[in-house]
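Observations on chain architecture
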Amino acid sequence: MSDRTLSGVHSPTLSGTTQLDSYRPLFLPTILVGDSRLGGISSTISAYESLLLRGYIVDTILLFKDPYYRNWEYLEPYFAEHGIKVSAVDPPPPREADRSQNFIITEEYYRKLVSNDSTGGLLRVVEHLDQRHEERIKELHNMPRRALDTVWWPFVQHGLIKDEGDVNVIDSAWGDHFTIFNGHKPSSAPSATASGSLLESQFDGSASWWTQALGHAHHTLTLAAARAAGRFGHVMYPQAIHTPALRLAERLVDDGPGKGWASRAFISDNGSTGMEIALKMALRVASKRFGIAPQGRKNMGVVGLRSSYHGDTIGSMDACEEGVYTCEWHQAKGYWFEPPSVGIKNGRAFVNVPTAVAHDNVEGRPLSWIYNVNARLGTSLASVYWTHVNDTLERLAVGSGATHPLGALVLEPLVLGAGGMIFVDPLFQRVLIDAARARGLPVIFDEVFAGLWRLGLRSAAPLLGAYPDVAVYAKVLTGGLVPLAVTLASEDVFRAFDGASKAEALLHGHSYSAYAVGCEVANAALDRLEMLTRGEEWKAAKEAWHAGGVAGEENDGTRGATAVWSMWSPQFVDVLSKLDLVEHAMTLGTVLAFKVKGGDSGGSPV
Ligand SMILES: Cc1ncc(COP(=O)(O)O)c(C=O)c1O
């Protein structure tokens, strides 16, 4: 593939997209045709940098040997430093007035250009390209073996990997798809392409562990990352400030999920860490509030929901009950309620209430009613929930001499993600929050998975009708480009760390805390996400869900009703929920989950 600066790498093609974007899916060996005229050094380097930002590997640069400007003399050593070969070829001869003479000298020019012996001849360029292409294909072939010999994957039992065919080689990713290499798979493998093509497009069904929101390699985000990297690289954070971090903190606190309750943003670098920080904040508040003795403070626990997940660091694991992932590194500290769950079966929404709580399920009500929490607070089920939660907390002697003095309520609002895509009855979570607050327990919302419009809402707080004291955001915070997390806190929580000595401060900081690249990308991602929420696609999806059916036949125009909608059409969810194979389905915002009969987890996320 060749690209040239004359029309420019950003010039539109017939389809209206730029050359960069329309050739991108091919990612073939790339020649950049440089510019040999005045200004050509700059335009060639600019075109090269634009190609890099779109993920191209530029194999060679070709330009004319203009004897006056001699651009190649500058560009050759410049690109040699980047490992790229520059080939300068003689420019075409001046045009002759006589047509037949012109034809002869042009022929001669082209003959020399492709001859093997001419210096900088085109054949050498072609050979170089072939060689680079072969190297690339060879590398794609041998990557699975090299990976099996060297890397240690998360969540993977290496002993169960049969051979190289089990390794997914991702050549690139764009939008909602990976481009994967299939050359190492047997032709009978389900993922080997029928066409015999070495590369194949594969849908990224879990949005790469739910990090993606705008599609892979979104150019606005890659530009933001490059901008911040170019301006700051990385700079340390304590008692320092830069615009990416400051703007991010302000927008999340003043006009984001923290609006109305948070006063501080603590920026860190991944969801598990964001949760560790949240726990440290809440436990400090509780130790002070309940006057817990120093020894008891070492042993504090939380109240939460069964099947919750808050990350893989030891503190975040300890805030969850025992599970398959907890192993010998874990000491469950707390108590976890079995949650009532929401689903759709045969086109009808229901709330499944655990028998330990009550014997009646809720059926035959639309989702808009189930998610109208304020209205449901007056129902008999709310009283049943209240009694169950209160009695349990009473038994656990919150804040007094229990084995693990309870120091926080920790919730994944609305949906337990990694624990099985279990949609929790929002009324139950609201009752838990009210009961915890009544006892002085700080409330943490872990919105790492569900926040920032994953469920169609910036935060679940307005729907639940209750604000947290601490809340955590990560994953889509950066549109899935780089890791970053933010822990928001109320002024009360912030003040709990006031004191005369440094030892009383929040002593938690990673080398890359609030790194500028992450913060700049988060600002760009939030801008784009906010645009999406105002766009026609969201409007149409909301209207479809509010027109009636399972979502809204009793739509009463209240907050609960308007919050319930999905990017998945109501007709599709209706059909899915009626399939024999499907125990139940459920959807909110961009998440669709369904439980296959006989399966052992809550749902299969899409
Ligand atoms: C609800 C929730 N909290 C915390 C985490 C941990 O985030 P990270 O993987 O960025 O450490 C996750 C990750 O899936 C999550 O779903």
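Residues numbered from 1 in each chain as written. Predicted model: local features only at pLDDT ≥ 70, side-chain atom pairs only at ≥ 80, totals over all residues.

On to the overall build of the chain. The helix and strand inventory of the chain stands at 22 helices and 22 strands. Counting only contacts in the chain whose residues sit at least 6 apart along the sequence, the fraction spanning at least 24 positions is 67%. (Helix = DSSP H or I, 4+ residues; strand = E, 2+ residues; numbered from the N terminus. Contact = placed C-beta atoms within 7 Å.)

So, on to the domain arrangement of the chain. By a frequent convention, interface size equals the accessible area lost on bringing the separate parts together. The assigned domain composition of the chain is domain 1 (2–133), domain 2 (161–204), domain 3 (209–266 + 478–502 + 509–531), domain 4 (271–473) and domain 5 (536–605). Spacing between the C-alpha centres of domain 1 and domain 4 amounts to 61 Å. (Domains from an automatic or database assignment.)

Let us now look at the sheet that holds strand S7 (residues 199–203). Read across the open sheet, the 3 strands follow the order S5-S6-S7; overall the sheet is antiparallel. A single partner strand is all that each edge strand has here, and the edge strands are strand S5 (169–174) and S7. Between one strand and the next, the sheet's axes are offset by a mean angle of 30 degrees, whatever the strand orientation. Relative to strand S6 (residues 177–181), S5 is paired through 5 bridges, and the arrangement is antiparallel. (Pairing = 2+ DSSP bridges. Axes fitted to C-alpha atoms, helices over the stretch in contact; angles between N-to-C directions.)

To continue, consider the site of the ligand. Looking at the ligand, there are 14 residues lining it, with Gly271, Ser272, Gly311, Val448 and Phe449 nearest. It is helix H9 (residues 271–290) that provides the largest number of residues to the shell around the ligand, a total of 3 residues. Along the lines of polarity and charge, the residues of the shell around the ligand split into 6 nonpolar, 6 polar and 2 charged. (Near = placed C-beta within 6 Å. Nonpolar A, V, L, I, M, F, W, Y, C, P; charged D, E, K, R; others polar.)

A word on unusual backbone geometry. The phi angle at glutamine 239 is positive, at roughly 55 degrees, despite the residue not being glycine. One can find glutamine 239 in the loop between helix H7 (219–232) and helix H8 (243–255). Backbone geometry places tryptophan 453, a non-glycine residue, at a positive phi of 75 degrees. Within the secondary structure, tryptophan 453 is located in the loop between strand S17 (443–446) and helix H16 (461–464).

Tracing the backbone through its elements, the reader meets alanine 282 in helix H9. On the neighbour-count criterion, alanine 282 (27 C-beta atoms within 10 Å) is buried. For alanine 282 and glycine 230, which are 52 residues apart along the polypeptide, the C-alpha to C-alpha distance reads 37 Å. When near neighbours in sequence (up to four residues on either side) are disregarded, alanine 282 contacts Gly407, Ala408, Pro442, Ile444, Asp469 and Val470. (Buried ≥ 20, exposed ≤ 12 C-beta atoms within 10 Å, placed from the backbone.)

What follows covers the nonpolar core. Core analysis: the largest hydrophobic core is formed by 129 residues, its most contacted members being Ala282, Ala408, Leu409, Val415 and Leu432. Per element, the largest residue contribution to this core is 10 residues, and it comes from H9. Beyond its immediate stretch of four places on either side in the chain, alanine 408 contacts Leu279, Ala282, Leu283, Ala286, Val302, Leu441, Pro442 and Ile444. (Core = buried A, V, L, I, M, F, W, Y, C linked by C-beta atoms within 7 Å.)

A few words on the confidence of the model for the chain. Parts of the model with low pLDDT should not have their predicted coordinates read in detail. For the chain, mean pLDDT is 91; residues scoring 70 or higher make up 92% of the total. Note that residues 553–560 has pLDDT below 50 and, in this model, 19 contacts with residues that lie over four places away or in other chains. (pLDDT = per-residue confidence, 0-100.)

Moving on, we get to the pairing of strand S19 (residues 485–489). Summarising burial for S19: 5 of the 5 residues are buried, a large majority. Alignment of strand S8 (residues 264–268) against S19, held across 5 bridges, turns out to be antiparallel. Residue pairing in the sheet places serine 268 in a bridge with alanine 485 of S19. Summarising the sheet, strand S18 (residues 470–473) and S19 pair through 4 bridges and their orientation is antiparallel. Residue pairing in the sheet places valine 472 in a bridge with threonine 487 of S19.

Strand order in this open sheet of 7 strands is S8-S19-S18-S17-S14-S9-S10, and the pairing throughout is mixed. Each end of this open sheet is capped by a strand with a single partner; those strands are S8 and strand S10 (334–337). Geometrically, the sheet is characterised by an average inter-axis angle of 20 degrees between neighbouring strands, direction not taken into account. In terms of strand pairing, strand S9 (residues 301–305) meets strand S14 (residues 406–411) through 3 bridges, oriented parallel. Across the sheet, residue glycine 301 finds its bridge partner in S14, namely leucine 406.

This brings us to the pairing of S8. Across the 5 residues that make up S8, a large majority, 5, are buried. The side-chain alternation of S8 yields two buried faces, one formed by Arg264, Phe266 and Ser268 and the other by Ala265 and Ile267.

With 16 residues, helix H14 (residues 380–395) extends 23 Å between its outermost C-alpha atoms, agreeing within 8% with the 22 Å of an ideal straight helix rising 1.5 Å per residue. When we look at burial in H14, the residues that qualify are Leu381, Tyr385, His388, Val389 and Leu393. Across the axial projection of H14, the buried residues extend over an arc of 120 degrees, all falling on one side. Turned more than 90 degrees away from the buried face of H14, the exposed residues are Ser380, Ser383, Asp391, Glu394 and Arg395. Against the buried residues of H14 lie strand S13 (362–363) and helix H15 (426–438). Phi turns positive one or two residues past the end of H14, at alanine 397, with a value near 50 degrees. (Expected span 1.5 Å × (residues − 1). Arc of directions from axis to C-beta.)

So, about the packing of H14 against H15. At a minimum axis distance of 9 Å, the contact between H14 and H15 shows a crossing angle of 45 degrees. If you check the angle between H14 and H15, you find them oblique. Handedness of the crossing formed by H14 with H15: right-handed. The segment H14 lies against H15, with Leu381, Ala382, Tyr385, Trp386, Val389, Asn390 and Leu393 engaging Leu427, Phe428, Val431, Leu432 and Ala435. Partitioning the contact of H14 with H15 into residue classes produces 11 nonpolar, 1 polar and no charged. (Parallel < 35°, antiparallel > 145°, perpendicular 65-115°, else oblique. Left-handed = near helix turned anticlockwise from the far one by under 90°.)

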